[in-house]
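In case you want the letters, here they are:
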Amino acid sequence: MINIVLFGKPGAGKGTQAEFLKEKYKLIHISTGDVFRFNLKNNTELGKQVRVYMDAGDLVPDELTTKMLIDEVNKNLDSNGILFDGYPRTISQAQALDEYLETINSAVTATVALEADDEILIQRLLERGKTSGRPDDQDEDKIRNRYQEYNEKTAPLMDFYKSQGKFYAVNGIGTIEEITERLSLVIDELEVKVKG
Ligand code: ADP
């Protein structure tokens, strides 16, 4: 399996790029944010548990998130590989992912980050909030809180993956096509390495 972690701040374009990459490389796209929002909308037990965190722009506790993620991966064990979008977001989640993938004889192939400046992204999210209906996109304080969560809890993952030699970054500013192209260059190299 080719397992790719798409990494980036809120609004960096992970979801948009994932839509293209999953087609191009025949990968399964798992977006933790989308799975949580599906559960919120359908008011499931999980939805009820995560609502307070999501509405505030706080991270959902690791235990709940990891359990949900593993359930999603387990549905796709026969796939070419997985595009992880929004997971892991803490060191503890990254460790849980490594441990879990090992049990299915797999591993994270690489982490690819979309890089962009905070102020540009905050404006993008406020714009998205006008049409997305996402309460966490409509209020600048909540958006800033998501960046704080990112800086405190998620940014340390860059060193985690660098120390494993698995971290790649591309410039996340440009047209959607340009960015897909930059990501593809990285993934093509990985495919060559994985397949030998
Ligand atoms: P964005 O990247 O634009 O902030 P997401 O759709 O990826 O949006 O996530 C929305 C919200 O879902 C997060 O603010 C958080 O509350 C919750 N969430 C998603 N993934 C995780 C995760 N791996 N760990 C904890 N909470 C998460």
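Check the entry above for the structure.
The following paragraphs examine the structure supplied in this document. (Residues numbered from 1 in each chain as written. Predicted model: local features only at pLDDT ≥ 70, side-chain atom pairs only at ≥ 80, totals over all residues. Heavy atoms only, no water.)

Things to note about the environment of Gly 15
Phase 1: One can find Gly 15 in helix α1 (residues 14-25).
Phase 2: Expressed as a C-alpha distance, the spacing of Gly 15 and Asn 39, which sit 24 residues apart in the sequence, is 18 Å.
Phase 3: Filtering out sequence-adjacent residues up to four positions away, Gly 15 remains in contact with His 29 and Asp 85. (Helix = DSSP H or I, 4+ residues; strand = E, 2+ residues; numbered from the N terminus. Contact = heavy atoms within 4.5 Å.)

Comments concerning the packing of aromatic side chains
Phase 1: Here the structure, examined in full by the defined rule, presents 3 aromatic pairs.
Phase 2: Between Phe 7 and Phe 167 the ring centres are 6.1 Å apart and the planes differ by 80 degrees, which places this aromatic pair in the edge-to-face class. Note that Phe 7 is positioned in strand β1 (residues 4-8) and Phe 167 in strand β5 (residues 167-171), a separation of 160 residues in sequence.
Phase 3: On the accessibility criterion, Phe 7 (3% relative accessible area) is buried.
Phase 4: Within the aromatic cluster, the residues linked to one another by ring pairs are Phe 7, Tyr 150 and Phe 167. (Phe/Tyr/Trp six-rings, centres within 6.5 Å; stacked < 30°, edge-to-face > 60°. Buried < 20%, exposed > 50% of the residue type's maximum accessible area, 1.4 Å probe, protein only.)

A short note on unusual backbone geometry
Phase 1: In the segment running from Tyr 87 into Pro 88, the intervening peptide bond is cis, with an omega of -5 degrees.
Phase 2: Looking at where Pro 88 falls in the secondary structure, it is placed in the loop between β3 (82-85) and α5 (91-103).
Phase 3: Although it is not a glycine, Lys 26 adopts a positive phi angle of roughly 55 degrees.
Phase 4: Among the structural elements, Lys 26 can be located in the loop between α1 and β2 (28-31).
Phase 5: Unlike most non-glycine residues, Asn 105 shows phi in positive territory, near 55 degrees.
Phase 6: Position of Asn 105 among the secondary structure elements: in the loop between α5 and β4 (110-115).

Comments concerning the sheet that holds β1
Phase 1: The strand order across the open sheet built from 5 strands is β2-β3-β1-β4-β5, with neighbouring strands paired in parallel fashion. At either end of the open sheet lies a strand with only one pairing partner, and these are β2 and β5. Taking each pair of neighbouring strands and ignoring which way they run, the sheet shows an average axis angle of 25 degrees. (Pairing = 2+ DSSP bridges. Axes fitted to C-alpha atoms, helices over the stretch in contact; angles between N-to-C directions.)

Focus on helix α4 (residues 62-74)
Phase 1: Compared with the 18 Å implied by 1.5 Å per residue over 13 residues, the 18 Å span of α4 between its first and last C-alpha is a close match.
Phase 2: When we look at burial in α4, the residues that qualify are Thr 65, Thr 66, Met 68, Leu 69, Glu 72 and Val 73. Seen along its axis, α4 keeps its buried residues to an arc of 165 degrees; they face one direction. Counted as exposed and oriented over 90 degrees from the buried face of α4: Glu 63 and Lys 67.
Phase 3: Buried residues in α4 make contact with β2, α2 (32-41), α3 (45-56), β3 and α5. (Expected span 1.5 Å × (residues − 1). Arc of directions from axis to C-beta.)

A few points about the environment of Ile 104
Phase 1: Tracing the backbone through its elements, the reader meets Ile 104 in the loop between α5 and β4.
Phase 2: Considering only alpha carbons, one finds Ile 104 and Asn 74, 30 residues apart in sequence, at a separation of 9.5 Å.
Phase 3: Apart from the residues within four sequence positions on either side, Ile 104 is in contact with Val 73 and Leu 77.

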